[in-house]
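Okay, here's what each chain looks like letter by letter:
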Amino acid sequence: MTRRNVTQDFMARNQAMMHMYCHQMAATWLELNPGATASDLVAFLGEQAHRAQTAAADATVAREGMTMDEAMEFWAREHDYRDMMRRELSAND
């Protein structure tokens, strides 16, 4: 068995929850919208992400004293994973 530490375990659990949640959200939405396209699903998930980003930015404004625009930019800049995802997904082909 691989020796693990608390941080690795925490990250593994968080990643599992995130992937399971995202999968279940997409699958459930597709069940409820049987004629939907992939573009429709991506648009829906984009709306969900924007709502979550706005809530996180609001908390950042309160905690860090940023303006809402600064906080939204921070969340967009610091949590953009698309390049990393492209590399990871293309390596799996």
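Structural data are supplied above this passage.
Notes on the structure in this doc start here. (Residues numbered from 1 in each chain as written. Predicted model: local features only at pLDDT ≥ 70, side-chain atom pairs only at ≥ 80, totals over all residues. Heavy atoms only, no water.)

## Here's the deal with the overall build of the protein chain
A count of helices and strands for the protein chain gives 4 helices and 0 strands. Listed by position from the N terminus, the elements making up the protein chain come as α-α-α-α. Its C-alpha atoms give the protein chain a radius of gyration of 17 Å, clearly above 12 Å, the size a compact globule of 93 residues would have. Burial statistics for the protein chain: of 93 residues in total, 10% are counted as buried. (Helix = DSSP H or I, 4+ residues; strand = E, 2+ residues; numbered from the N terminus. Rg over C-alpha atoms; globule rule 2.2 N^0.38 Å. Buried < 20%, exposed > 50% of the residue type's maximum accessible area, 1.4 Å probe, protein only.)

## Thoughts on helix α2 (residues 38–64)
The terminal C-alpha atoms of α2, which comprises 27 residues, lie 37 Å apart, in line with the 39 Å expected from a rise of 1.5 Å per residue. Taken as a whole, α2 has its buried residues at Leu41, Phe44, Ala56, Ala57 and Thr60. Tucked into the core, α2 has its buried residues touching α1 (6–32) and α3 (68–78). Phi for glycine 65, located one or two positions after α2, is positive at around 75°. (Expected span 1.5 Å × (residues − 1). Contact = heavy atoms within 4.5 Å.)

## Topic: the environment of arginine 4
In this structure, arginine 4 sits in the segment before α1. The class for arginine 4 is partly exposed, based on a relative accessible area of 46%. Dropping the residues within four chain positions of it, arginine 4 is found in contact with Asp9 and Ala12.

All we've got here are geometric facts, nothing functional implied.
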